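# Fold and geometry: a report
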Amino acid sequence: MILFHSPLSPFVRKVMIVLHETGQQQRVTLQGVNISPVNGDDQLNQGNPIGKIPALRLDDGSVLHDSRVICEYLDSQHVGNPLIPREGSTRWRRLTLASQADAIMDAAVATRYETFLRPTDKQWHGWVEAQGEKIRRGLANLEREHLAELAAGFDIAAIGVACALGYLDLRQPEFDWRAQYPGLAAWFIQVSQRPSMLATFPVA
Ligand code: GSF
């Protein structure tokens, strides 16, 4: 299988961590792409018309996207403990937490595009501030209500939150989330030692 990849994408990192945690790294060849919302990649767009990464080309030529679908597919392909609970209320709770982590990443990626790619005179500061509020509300909720759940196991929800925090460190180092969310900070120290996290640490 071929994974369209960038080492700095938090969504790609999620997929890479799932590959590591389920022992499937060897099944995938990485194809590096350097894209932005205004600069696509023809090969990536084939079978993946929106042109975002990650995308996974299977051996039969079909393409899976986005990261949620790819993670679910990979989780169905190994015999160990599932990273996405298969059924029951736990499944929906964990998927909702994972969605919250994705939304934090979406807001952080959108902020990056607005502040880094968009010409300075066209930037909309109120919108950037609103993305920051989404991130803060998301993290505050995790700190207040979900620390025990996160600590319960390194599953799809915990992986998502770890990728979101790692991406904030990469792109918004001035946002000192550790000071505001000490519980998340302590949890992040622990999970950052996992081989899957170390192997996928984003280096700009
Ligand atoms: C989001 C992927 C995404 O935003 C998913 O896979 O879960 N819902 C999707 N990817 C970004 C790169 S990133 O992770 O920074 C991307 O492909 N941007 C290019 C574009 O055209 O927006």
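For clarity, every value in this text was computed on a predicted model and none was experimentally measured. (Residues numbered from 1 in each chain as written. Predicted model: local features only at pLDDT ≥ 70, side-chain atom pairs only at ≥ 80, totals over all residues. Heavy atoms only, no water.)

Another point: the sheet that holds strand β1 (residues 2–5). In space, the four strands of this open sheet follow the order β2-β1-β3-β4, with mixed pairing throughout. This sheet does not close on itself; its edge strands, each paired only once, are β2 (29–32) and β4 (63–64). Alignment of β1 against β2, held across four bridges, turns out to be parallel. Bridge pairing links H5 to G32 in β2. (Pairing = 2+ DSSP bridges. Helix = DSSP H or I, 4+ residues; strand = E, 2+ residues; numbered from the N terminus.)

Looking now at the layout of surface pockets. Approximately 990 Å³ is the volume attributed to the largest pocket. Looking at the largest pocket, it is lined by 34 residues, and the ones nearest its centre are I35, S36, I53, V109 and Y113. In terms of residues, the lining of the largest pocket owes the most to one element, helix α4 (residues 88–117), which gives eight residues. Partitioning the lining of the largest pocket into residue classes produces 16 nonpolar, eleven polar and seven charged. In this model, the second largest pocket occupies a volume close to 160 Å³. Taken together, R13, G166, D169, L170, R178, F188, S192, M197, L198, F201 and P202 make up the full set of residues lining the second largest pocket. At the level of elements, α7 (156–171) and α10 (195–199) are the ones that each hand at least two residues to the lining of the second largest pocket. Looking at the lining of the second largest pocket, the element that brings in the most residues is α7, giving three residues. The class makeup of the residues in the lining of the second largest pocket is six nonpolar, two polar and three charged. (1 Å grid on protein atoms, 1.4 Å probe; cavity = no way out; pocket = protein on both sides within 12 Å on 5 of 7 lines; lining within 4 Å. Points joined across faces, edges and corners; volume = space filled by probe spheres on them. Nonpolar A, V, L, I, M, F, W, Y, C, P; charged D, E, K, R; others polar.)

To describe two helices that pack against each other, one gives the angle between their axes and the distance between the axes. Close contact between α7 and helix α9 (residues 182–191) brings their axes to 11 Å; oriented N to C, the two are set at 100 degrees. Taken together, the axes of α7 and α9 are roughly perpendicular relative to one another. Where α7 abuts α9, its residues A158, V161, A162, L165, G166 and D169 lie against L184, W187, F188 and V191. Residues belonging to the contact of α7 with α9 are distributed by class as follows: eight nonpolar, one polar and one charged. (Axes fitted to C-alpha atoms, helices over the stretch in contact; angles between N-to-C directions. Parallel < 35°, antiparallel > 145°, perpendicular 65-115°, else oblique. Contact = heavy atoms within 4.5 Å.)

Attention now goes to the site of the ligand. Taken together, 13 residues are adjacent to the ligand, and S9, I53, D66, S67 and Y113 come closest. In this structure, S9 approaches the ligand through a side-chain N or O atom, which is 2.6 Å from an oxygen atom. Here I53 contributes a backbone N or O atom positioned 2.8 Å from a nitrogen atom of the ligand. In the complex, 87% of the free accessible area of the ligand, which totals 530 Å², lies under the protein chains. Most atoms of the ligand, that is more than half of them, are within 2 Å of grid points of the largest pocket. When contributions to the shell around the ligand are tallied by element, the ones reaching two or more residues are α1 (10–21) and α4. Taken together, the residues of the shell around the ligand break down into eight nonpolar, three polar and two charged. (Near = heavy atom within 4 Å. Polar contact = N/O pair within 3.5 Å; in protein donor to acceptor, adjacent residues only side chain to side chain. Areas by Shrake-Rupley, 256 points an atom, 1.4 Å probe, with all protein chains shown as cover. Sits in = over half its atoms within 2 Å of the grid points.)

This paragraph deals with the pattern of salt bridges. Across all of its chains, the model carries 13 salt bridges by this definition. Among the salt bridges present, the one from R94 reaches D155, with a minimum N-O distance of 2.6 Å. One end of the pair, R94, is in helix α4; the other, D155, is in the loop between α6 (147–151) and α7, and 61 residues separate them in sequence. Judged by its relative accessible area of 6%, R94 is buried. In this structure, the salt-bridge partner of R144 is E145, at a minimum N-O distance of 3.7 Å. Salt bridges sharing partners connect three or more residues here, namely R93, R94, E149 and D155. (Salt bridge = Lys/Arg side-chain N within 4 Å of Asp/Glu carboxyl O. Buried < 20%, exposed > 50% of the residue type's maximum accessible area, 1.4 Å probe, protein only.)

Attention now goes to empty space enclosed by the protein. According to the stated counting rule, one finds one cavity of 30 Å³ or more in the structure shown. Considered as a void within the structure, the largest cavity measures approximately 40 Å³ in volume. Along the walls of the largest cavity sit P7, L8, S9, P10, R13, C163, G166, Y167, L170 and P202, which together make up its complete lining. Those elements giving two or more residues to the lining of the largest cavity turn out to be α1 and α7. Tallied by class, residues from the lining of the largest cavity come to seven nonpolar, two polar and one charged.

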